[in-house]
Amino acid sequence: MKIIPSEKLDKLPPYIFSRINQLKIEAFAKKLDVIDLGMGNPDIPTPNHVVERACDTIKNHSKTHRYPQAKGMPKFRNTVAEWFAGRFDVKLNPNTEVLALIGSKEGVAHLCMTYLNPGDVALVPDPGYPVYYNGVILAGGVVHRMPLLSENKFLPDFSKIPASVAKKAKIMFLNYPNNPTAAIVEDNNFYKEAIAFAKKYNIILVHDNAYSELTFDDYVSPTILQFPGAKDVCVEFHSFSKTFSMCGWRVGFVVGNEDIIKPLEKFKSFVDYGVPTFIQLSAVQALTGSRDCIKETINTYKRRRDKFVAELGKIGWDVEKPKATMYLWAQLPKKVKDMGSLKFSEMLIKDQGVVCSPGVAFGEYGEGYVRFSLVTHDNRFHDAALRLKKVLK
Ligand SMILES: Cc1ncc(COP(=O)(O)O)c(C=O)c1O
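The rules behind these values
- Residues numbered from 1 in each chain as written.
- Predicted model: local features only at pLDDT ≥ 70, side-chain atom pairs only at ≥ 80, totals over all residues.
- Domains from an automatic or database assignment.
- Contact = placed C-beta atoms within 7 Å.
- Helix = DSSP H or I, 4+ residues; strand = E, 2+ residues; numbered from the N terminus.
- Nonpolar A, V, L, I, M, F, W, Y, C, P; charged D, E, K, R; others polar.
- Pairing = 2+ DSSP bridges.
- Axes fitted to C-alpha atoms, helices over the stretch in contact; angles between N-to-C directions.
- Core = buried A, V, L, I, M, F, W, Y, C linked by C-beta atoms within 7 Å.
- Buried ≥ 20, exposed ≤ 12 C-beta atoms within 10 Å, placed from the backbone.
- Right-handed = clockwise from strand over helix to strand, strands pointing away.

Novice: Just to check I follow, could you spell out the domain arrangement of the chain for this structure?
Specialist: Interfaces are often sized by the accessible area lost when the parts come together. Looking at the assigned domains, one finds that the chain contains domain 1 (7-45 + 292-392) and domain 2 (48-288). Taking the mean C-alpha position of each, domain 1 and domain 2 sit 25 Å from one another. Every contact between the two is made by 30 residues of domain 1 and, on the other side, 32 residues of domain 2. Put simply, the parts of the chain that give the side of domain 1 that touches domain 2 at least two residues each are α1 (7-11), α12 (292-314) and β9 (327-331). Of all the elements, α12 adds the most residues to the side of domain 1 that touches domain 2, at six residues. Looking at the side of domain 1 that touches domain 2 residue by residue, the class counts come to 16 nonpolar, eight polar and six charged.

So, in structure tokens, the structure goes:
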């Protein structure tokens, strides 16, 4: 029997990450000593106090096995609002302006389904975190790419979006600190411009702040919601995945304009039951616990960043030190540029067992780059650079 999956699935671009994954499996099978700098999948353990909270809740609080409150239990939403006020000095109404998510990826995909009708346009950064593009396509929408170019410091140029496109657009995605380019917003006027653009064209402005806490060298990431008028048009996604190394726990939240959030809550109530209660309570523990674990995480990624940038420099591959995230966005050296990022990444795994993400997997404007995730032990980066040197030869 052959049953054909929906046309929507057909419209998705080939999932390049599964090709890389397959090669990784083959490398393990060949007993290669794999150095995995591919996915942004933290190797740092979840803080102990968070794990303890989960264990205690499961063991000793029997009612937590029941269906959770899908929008987030009051304790979760109140804690998010308090954390937000403390961290960003922005007040949120925990009843209407906070919604729990099964990770921000889930929230982004469902936001697209909540708002887009077939043919509606969404403005998507390219390169970008793939769920923006894929979420729009799955919802039947049309993607308008906003190129993130190095000459613009990887910020989109709003003046390049034709008015005819902007008029049809319903959602715009922004994400700083950025995945995959690791760029930050150096001049906050950018956010003000984005808000003005969204207001002018009546567009939902989605800011993905998944890396808000992973910043270095005195840079502190703002929330878009702190800028005047933001709450009229913006929602912001947050994640526990990177800040607290909880990517496998699947918990995040969206905050901001209540009229935008309400229909998302409604949509979600038809397709999921929310975040399990013991995970919500563990997330509360994460937000209310000491920030020392975040400081340690930042120090770890910073140490690895400095080490790997230095090691790459020694082999003649100059990469800028990013001020945020757990990534290096590295332009392919001239010698291998023509090969393209996918071929280069394939060769790197097959020949040397080093896994990275090809830039083209994040969109056509990501071509010419690869992304290295700093998610392996510090002492592996020297070896990774030596292997890269061999490939570049
Ligand atoms: C920009 C960005 N947003 C969201 C996510 C996903 O976060 P979550 O694990 O909360 O779904 C990621 C994960 O890599 C990301 O890079």
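Read on, since the account is not over.
Novice: Whenever I open this one, the sheet that holds strand β12 (residues 369-373) confuses me. Can you help?
Specialist: Strands pair in a sheet through their backbones, by hydrogen bonds, and they do so in one of two ways: parallel or antiparallel. Taken together, the three strands give an open sheet; going across it, the order is β9-β12-β11, and neighbouring strands pair in antiparallel fashion. Each edge of the open sheet carries a strand with a single partner, namely β9 and β11 (357-358).

Novice: Is there a simple way to think about the sheet that holds strand β6 (residues 204-208) in this case?
Specialist: Judged by pairing direction, the sheet is mixed, and its seven strands sit side by side in the order β2-β8-β7-β6-β5-β3-β4 without closing on themselves. The sheet terminates laterally at β2 (98-101) and β4 (142-147), the two strands that pair on one side only. Across the sheet, the mean angle from the axis of one strand to that of its neighbour is 25 degrees, orientation sign disregarded. Looking at chain direction, β2 and strand β8 (residues 252-256) are connected through four bridges and run antiparallel.

Novice: Just to check I follow, could you spell out the nonpolar core for this structure?
Specialist: Inside soluble globular proteins, nonpolar side chains tend to come together where they are buried. Formed by 113 residues in total, the largest nonpolar core has its most connected members in M172 and L205. The element contributing the most residues to this core is helix α11 (residues 277-288), with seven residues. Each of two domains, domain 1 (7-45 + 292-392) and domain 2 (48-288), supplies a minimum of three residues to this core. Contacts of M172, omitting those with residues within four sequence positions, involve L123, A198, I203, L205 and V206.

Novice: Even after reading the chapter, I still don't get the pairing of β4, so can you show me in this structure?
Specialist: Sheet faces and side chains relate simply in a regular strand, where the side chains alternate between the two faces. Sheet analysis places strand β3 (residues 121-126) next to β4, joined by six bridges and oriented parallel. Its bridge partner being in β4, P125 is matched across the sheet by M146. For the crossover that starts at β3, traverses helix α6 (residues 130-138) and ends in the parallel β4, the hand is right-handed.

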